[in-house]
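Observations on chain architecture
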Amino acid sequence: MKDFQGKVAVITGGASGLGRAMADRFAREGMHIVLADVEPDALARTVAEMKAAGAKVIGVRTDVSKAAEVEALAQKTLAAFGGVHLLANNAGVAEGGKVWDNTVADWEWVLGVNMWGVIHGVRVFTPIMLKQGSEGHIVNTASVAGLISPPGMGIYCVSKHAVVTLTECLHHDLAQQTDKVKCSVLCPAYVPTGIADSGRNRPAELSETRHKTAADLALDASLKKAVQSGKLSAADVAQKVFEAVREGRFYILTHPKIKPSIQWRMEDILQERNPTNPMG
Ligand SMILES: NC(=O)c1ccc[n+]([C@@H]2O[C@H](COP(=O)([O-])OP(=O)(O)OC[C@H]3O[C@@H](n4cnc5c(N)ncnc54)[C@H](O)[C@@H]3O)[C@@H](O)[C@H]2O)c1
């Protein structure tokens, strides 16, 4: 996608973290921004701040795990700006734990936001983008957790591996139909954002989580610390996303140091070895 000025970007999870940074970056290119987020206060604050900085922006309170809310988001986007050219399916939440310990509610919450949120975004917005006949791009936020399988975060990895393969399939499906709409998958490692506090947005009806042992709490604390110690900022990642969209690049791997872990996994599969623990 080369032409951004006056075009429309829809960014889910746009009220904070990576989504907010992408919104700021694409607004700098003169895009009109639709921020979709489930957290009303953060959404209102971000819309106000971006407006004050001169951006053309609206906020639409959206729970991306709900098909009807993503459909309503598309209608509100078209009503406000008449089209959509960039879609960032970025909203996400995290929950740790051993795969057999996670509750049904844990699985439904994390897969609902991270996997179904992307499915709904692709299902609802791609036909609109194809029908427009203009340049467009879809960026799905996965994670390096979509490329490797470390212990203690199976539920998150399942959701992010799903996003990687969904986006790879989307790439092929789009290529068979158009050369105007492209897609990318974003796979960052740790970036300091609110992801380790994503329980703040967990719906009451899916609140039943596992009993957390001292080891679970220690793992939660170490993950939080790891997220906060990330060297790249959300703005750095947003810049890499912008460059990939402009250049039509599919894989956005923001943290090259993680690549040996990805290679071990690939080699383990090809050589039919048992999985290497990427955490050593
Ligand atoms: N920060 C990292 O280290 C990291 C690494 C890899 C991938 N990611 C991914 O990046 C994406 C953005 O997360 P972040 O790190 O900016 O965290 P964040 O918590 O700062 O932002 C996530 C946003 O998603 C919103 N959200 C949560 N549930 C939602 C729902 N049901 N519907 C709509 N919006 C919802 C939140 O309100 C929040 O604004 C996520 O998909 C996350 O999994 C983050």
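In what follows, the structure referred to is the one given above.
Residues numbered from 1 in each chain as written. Predicted model: local features only at pLDDT ≥ 70, side-chain atom pairs only at ≥ 80, totals over all residues.

Looking at the site of the ligand
- The environment of the ligand is made up of 32 residues, and the closest members are Gly13, Gly17, Gly92, Thr193 and Gly194.
- For the shell around the ligand, the leading source of residues is helix α1 (residues 17–28), giving three residues.
- Split into classes, the residues belonging to the shell around the ligand amount to 13 nonpolar, 16 polar and three charged. (Near = placed C-beta within 6 Å. Helix = DSSP H or I, 4+ residues; strand = E, 2+ residues; numbered from the N terminus. Nonpolar A, V, L, I, M, F, W, Y, C, P; charged D, E, K, R; others polar.)

Description of the pairing of strand β5 (residues 136–141)
- Summarising burial for β5: six of the six residues are buried, a large majority.
- A two-sided burial pattern is seen for β5, the buried positions comprising Gly136, Ile138 and Asn140 on one face and His137, Val139 and Thr141 on the other.
- With four bridges connecting them, strand β4 (residues 86–89) and β5 associate as parallel partners. Residue pairing across strands places Leu87 opposite Ile138, the latter belonging to β5.
- You can see the chain leave β4, run along helix α4 (residues 104–132) and come back into β5, and the turn it takes is right-handed.
- Bridge count between β5 and strand β6 (residues 181–186): six bridges; the pairing is parallel. Looking at β6, one finds that Ile138 is bridged to Cys183. (Buried ≥ 20, exposed ≤ 12 C-beta atoms within 10 Å, placed from the backbone. Pairing = 2+ DSSP bridges. Right-handed = clockwise from strand over helix to strand, strands pointing away.)

Looking at the packing of α1 against helix α7 (residues 234–247)
- The N-to-C vectors of α1 and α7 enclose an angle of 55°; their axes lie 8 Å apart at closest approach. The angle between α1 and α7 places the two elements in the oblique class. Between α1 and α7 lies a crossing of right-handed hand. Across from Gly17, Leu18, Arg20, Ala21, Met22, Asp24, Arg25 and Phe26 in α1, the residues of α7 making contact are Ala234, Ala235, Val237, Ala238, Gln239, Val241 and Phe242. (Axes fitted to C-alpha atoms, helices over the stretch in contact; angles between N-to-C directions. Parallel < 35°, antiparallel > 145°, perpendicular 65-115°, else oblique. Left-handed = near helix turned anticlockwise from the far one by under 90°. Contact = placed C-beta atoms within 7 Å.)

As for helix α3 (residues 67–81)
- In this model, α3 (15 residues) spans 21 Å end to end at C-alpha, consistent with the 21 Å of a helix rising 1.5 Å per residue.
- When α3 is considered as a whole, its buried residues turn out to be Val70, Leu73, Ala74, Thr77 and Phe81. For α3, the arc enclosing every buried residue in end-on projection is 95°, short of the 170-degree limit, so these residues lie on one face. Relative to its buried face, α3 has exposed residues pointing more than 90 degrees away, namely Ala68, Gln75 and Ala79. (Expected span 1.5 Å × (residues − 1). Arc of directions from axis to C-beta.)

Let's talk about the packing of α4 against helix α5 (residues 154–177)
- For the pair α4 and α5, interaxial distance at closest approach is 9 Å and the crossing angle is 15°. It follows that α4 is roughly parallel to α5 by the angle criterion. Considering only the axes of α4 and α5, their crossing is right-handed. Here α4 contributes Asp106, Trp107, Val110, Leu111, Asn114, Met115, Val118, Ile119, Val122 and Leu130 to the contact with α5, which in turn contributes Ile155, Tyr156, Ser159, Lys160, Ala162, Val163, Leu166, Leu170 and Gln177.
- Considered class by class, the residues forming the contact of α4 with α5 number 14 nonpolar, three polar and two charged.

Re the environment of Ile11
- Looking at the element boundaries, Ile11 is found in strand β1 (residues 8–12).
- Considering only alpha carbons, one finds Ile11 and Asn89, 78 residues apart in sequence, at a separation of 6.4 Å.
- In contact with Ile11, not counting residues within four places along its chain, are Gly19, Met22, Ala23, Ile33, Leu35, Ala36, Ala88 and Asn90.

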